[in-house]
2 protein chains.
Amino acid sequence: MYVAIMGYGVVGSGVASLLEKNHEHIVKKSMQSEMELKYILDRRTFPGDPYEHLVISDFSKILEDDGVKIVVETMGGVHPAYEYVSACLNAGKSVVTSNKELVATKGCELLRIADEKNVNFLFEASVGGGIPIIRPISQCLAANDIDEIAGILNGTTNFILTKMISDGMTFEDALFLAQKNGYAERDPSADVDGFDACRKICILAALCFGKHVYPDCVHTEGIRKITLADVEYARSWGGVIKLIASAKKLDNGKVSVMVSPAFIQNHSQLATVDDVFNAILVRGDAIGDVVFYGKGAGKMPTASAVVADVIDCAKHMERKKFFGWQDSEPGYVADYLDNITSFYIRGTTQNAAAAIARINSLFGDVQMLTRANAPEGEFAFATDPLSERELDKKLALIEEAEIASVIRITDY
Amino acid sequence: MYVAIMGYGVVGSGVASLLEKNHEHIVKKSMQSEMELKYILDRRTFPGDPYEHLVISDFSKILEDDGVKIVVETMGGVHPAYEYVSACLNAGKSVVTSNKELVATKGCELLRIADEKNVNFLFEASVGGGIPIIRPISQCLAANDIDEIAGILNGTTNFILTKMISDGMTFEDALFLAQKNGYAERDPSADVDGFDACRKICILAALCFGKHVYPDCVHTEGIRKITLADVEYARSWGGVIKLIASAKKLDNGKVSVMVSPAFIQNHSQLATVDDVFNAILVRGDAIGDVVFYGKGAGKMPTASAVVADVIDCAKHMERKKFFGWQDSEPGYVADYLDNITSFYIRGTTQNAAAAIARINSLFGDVQMLTRANAPEGEFAFATDPLSERELDKKLALIEEAEIASVIRITDY
């Protein structure tokens, strides 16, 4: 059987080299007599590359070659990835992708086409890089009702926060270092504003709860506003700040899905996830908390997840995987203002006594936090759980202080 | 299709109740029209139990009922579990087990029978309770060459060590508490002497490296000898003591497999695994380190792993899973004396100057460790890497001191 790769960038070239390096092992695991890479689709040319002779620029060659049974999509972006992938599925080819944007926005539709054509559409590499998570959720945890899923899904922001927490670097300096190390793009918005993590939690929520969650329905906050003062207060509270993407099933049939920085207690398994590593916590009714940890990005980890899906496609040529992922109705994602959680709040005041009195009258007996060398008039505290809507109302009533920072507190 | 359960103990009764509780979900995931629990085999009777009417004591009823396609074995022990399971497989029934002793000693043979009869023999629940690990290793990581696997595989010993580390309890007191909490048996040997962890690492090693590892070939040490002094020295070294089961592929085609207490650095993902939790680290060529964390035992987590396997059997009635697990030749497990590692060594001496001089002449410039309130004449140090054989020779040459404790130092 033949395989084609669309998009010869970092991940695509990793897939090509892994298919060659572990070729014998992969053929055996695939239960096939042979598996060969036949085409690599890319607009560019690659003089001197070991796979130069396989590179083509005409997509129709792949589409029209009936020997190509599995197509790997590692182009990224929605267009033309979507058009190519749907054409391949419609032509009866299985597709494996690492493209989280494609899966988060078009997953439901592409799975429907795969279903109609009795082929597979697999996307293990779209979340958590090389960490096995899609398959464990859909298979290993099949016996569980999953209530909640939460994770550190973006390595770039986790690297930046780790540098702020461990080395006292400012956000700007840590971002610069991440860019220097190749962890962040020149335009870092997709990472630091939370959009990448948002796409991934949409995919996980769809898998866990069975309905598509569209990224534009998800309240998404990044880490640009996090300061070293917040990091210090988190430490005095007994934890660290992480960018957490979470999805939770509600009693009313809706889901709560959100991406935002959050306080995590030091003894949590998510608190020790540092640098570019990712971790995903799954909370099931029978199993309790299970955590999956590993490198969430990078050429070879991601390529290894893609190749595992290729093997799975090859093994299941006549039998597709069942994901049970349907489209969702408008309003499926609950208004985040109804979420109930505790909050950390930092502010400054000219009149500490009046501000504290007001805070106590609004929030009750809150937990005040301290840090060394806090400037005159700065205060910080942690609230009991209340809704986001209620919080906003109460904050508006604090006339005696300026609120500088609000961060959610989790129980993971 | 019908399901039977053999052994109505903690896990077996969890499976029965989970099959009922999540029945609709499970049938859907199984791609079956119906799935029903028909028999529960147990010698005992269960008056008033909701499944009392399904309990039988005659195994042949299950064996001879062609409607029973999947048999769950949760009896424990090798006999008669082995005879019953092989009879079921030979009769063309798929078998799901949580019985690590059975899989560790007879896995290779039972997989061969399953292979011949084209049915499945699945055992996700035999390692790590509800943590998905067998399937991720055999499928998700199929594209990786796995070099090494290591984990905290026994919840009872991890609970005891956690109490020693966090609360300063002695081994004896922590064991007593574990027994009181139901984490340890009255005869705690299978746990505290490492035999339970040994069976589990044998199963993982077979899966990762393709050949059966028999428990009696594995050097196994428990935690009975660990003292609070060792715990304190580990802390001053910058880590904790955990019972680690590990398996590593060697260049000569053999494998190194061992169970023993070990020093783990504080920043390791294994260091923060506390109480009865388990964690398994898999080191692959493409993926790097991946860690799976969760409850390694308990009724419902283990039952959820069993039921996930039942679903997988139901989905693959005409197609068996491929494990690639063959028998091994004598000598496949390398002599542990050839292992090379660093060691922590604690001893007492009447002549500190002479002992230190001897240690330096034998081990070079070692890292001396200290603890508060150490008794007169006590010393401890960490060596550079050397073989176990070499270590034993050198220790025998230290005439100026009594060696009280030797613990391996890992790089996980």
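The structure under discussion appears in the preceding block.
Residues numbered from 1 in each chain as written. Chains lettered and ligands numbered in written order. Predicted model: local features only at pLDDT ≥ 70, side-chain atom pairs only at ≥ 80, totals over all residues. Heavy atoms only, no water.

Asker: Please explain the environment of Cys208(B) as it appears in this structure.
Answerer: Residue and element names in this part refer to chain B. Along the chain, Cys-208 falls in helix 10 (residues 195-209). On the basis of relative accessibility, which here comes to 15%, the residue Cys-208 falls in the buried class. Residues Cys-208 and Leu-18 lie 190 residues apart in sequence; the distance between their C-alpha atoms is 30 Å. Not counting chain neighbours up to four residues away, the residues in contact with Cys-208 comprise Ile-137, Ile-146 and Ile-149. (Helix = DSSP H or I, 4+ residues; strand = E, 2+ residues; numbered from the N terminus. Buried < 20%, exposed > 50% of the residue type's maximum accessible area, 1.4 Å probe, protein only. Contact = heavy atoms within 4.5 Å.)

Asker: For this particular structure, what's the right way to read the layout of surface pockets?
Answerer: Think of a ball as big as a water molecule: rolled over the atoms, this probe shows where empty space is left. Reported here for the largest pocket is a volume of approximately 1400 Å³. Counting only elements with at least two residues in the lining of the largest pocket, the list comes to helix 1 (10-21), helix 5 (100-117), helix 7 (155-167), helix 9 (189-192), helix 10 and helix 12 (299-315) of chain B. Top contributing element to the lining of the largest pocket by residue count: helix 10 of chain B, with three residues. Of the volumes computed, that of the second largest pocket is approximately 1100 Å³. As for the second largest pocket, its lining consists of 39 residues, of which Val11(A), Lys100(A), Glu185(A), Asp196(A) and Ala297(A) are closest to the centre. At the level of secondary structure, the elements contributing two or more residues to the lining of the second largest pocket comprise helix 1 (10-21), helix 5 (100-117), helix 7 (155-167), helix 9 (189-192), helix 10 (195-209) and helix 12 (299-315) of chain A. For the lining of the second largest pocket, the residue count by class is twelve nonpolar, 17 polar and ten charged. (1 Å grid on protein atoms, 1.4 Å probe; cavity = no way out; pocket = protein on both sides within 12 Å on 5 of 7 lines; lining within 4 Å. Points joined across faces, edges and corners; volume = space filled by probe spheres on them. Nonpolar A, V, L, I, M, F, W, Y, C, P; charged D, E, K, R; others polar.)

Asker: Please clarify how the pattern of salt bridges should be interpreted in this entry.
Answerer: A side chain of one charge can pair with a side chain of the opposite charge if their charged atoms are brought near each other. Residue and element names in this part refer to chain A. If you walk through the whole model with that rule in mind, you get 54 salt bridges over all chains. Here Lys-211 and Glu-329 are joined by a salt bridge, their closest N and O atoms 3.1 Å apart. Of this pair, Lys-211 sits in the loop between helix 10 and strand 8 (219-220) while Glu-329 is found in the loop between helix 12 and strand 13 (340-349), placing the two residues 118 residues apart along the sequence. Bridged by salt links that share partners, the residues Glu-124, Arg-135, Asp-309 and Asp-312 form one connected network. (Salt bridge = Lys/Arg side-chain N within 4 Å of Asp/Glu carboxyl O.)

Asker: Sorry if this is basic, but what is going on with the relation of the copies chain B and chain A here?
Answerer: Both copies of the chain are related by one operation, a rotation about an axis with a shift along it. Overlaying chain B on chain A yields an RMSD of 0.0 Å, the required transformation being a rotation through 180° with an accompanying axial translation of 0.0 Å. What the rotation and shift describe, once combined, is the action of a two-fold rotation axis. Using C-alpha coordinates, one finds that chain B approaches the rotation axis most closely at Phe292(B), a distance of 2.4 Å. (Least-squares fit on C-alpha atoms with pLDDT ≥ 70 in both.)

Asker: Sorry if this is basic, but what is going on with the interface of chain B and chain A here?
Answerer: Listed by partner, the interface residues are 46 residues for chain B and 46 residues for chain A. Carbon and sulfur atoms make up 54% of the surface buried where chain B meets chain A, a total of about 4300 Å² over both sides. Taking the shortest distance from any N to any O, the salt bridge between Asp285(B) and Lys21(A) comes out at 2.8 Å. Summed over the shared surface of chain B and chain A, the result is eleven residue pairs in polar contact (both at pLDDT 80 or more). Contributing elements (two or more residues each) for the side of chain B that touches chain A: helix 1, helix 2 (23-30), helix 6 (134-140), strand 12 (288-295) and helix 12 of chain B. Looking at the side of chain B that touches chain A, the element that brings in the most residues is strand 12 of chain B, giving eight residues. For the side of chain B that touches chain A, the residue count by class is 22 nonpolar, twelve polar and twelve charged. With three bridges joining them, strand 12 (residues 288-295) of chain A and strand 12 of chain B adopt antiparallel strand pairing. Opposite Tyr293(A), over in strand 12 of chain B, you have Val291(B) as the bridge partner. (Buried area = accessible area lost by both parts, 1.4 Å probe. Polar contact = N/O pair within 3.5 Å; in protein donor to acceptor, adjacent residues only side chain to side chain. Pairing = 2+ DSSP bridges.)

Asker: Sorry if this is basic, but what is going on with helix 11 (residues 228-237) of chain A here?
Answerer: Buried within helix 11 of chain A we find Ala229(A), Asp230(A), Val231(A), Tyr233(A), Ala234(A) and Trp237(A). Looking one or two places after helix 11 of chain A, you find Gly238(A), whose phi comes out positive at around 105°.

Asker: Is there a simple way to think about the packing of aromatic side chains in this case?
Answerer: Centre-to-centre distance and the angle between the planes together describe a pair of aromatic rings. The full count for this structure, using the stated rule, is 23 aromatic pairs over all chains. Between Phe123(B) and Trp325(B) the ring centres are 5.7 Å apart and the planes differ by 90°, which places this aromatic pair in the edge-to-face class. With Phe123(B) in the loop between strand 6 (121-122) and helix 6 and Trp325(B) in the loop between helix 12 and strand 13 (340-349), this residue pair connects regions lying 202 residues apart in the sequence. Each member of the pair, Phe123(B) as well as Trp325(B), carries the same accessibility label: buried. Between Phe379(B) and Phe381(B), the ring centres sit 6.3 Å apart and the planes meet at 15°, which makes this aromatic pair stacked. As far as the burial class goes, Phe379(B) and Phe381(B) line up, both buried. By way of ring pairs, the aromatic residues Tyr233(A), Trp237(A), Phe263(A) and Tyr344(A) are connected into one cluster. (Phe/Tyr/Trp six-rings, centres within 6.5 Å; stacked < 30°, edge-to-face > 60°.)

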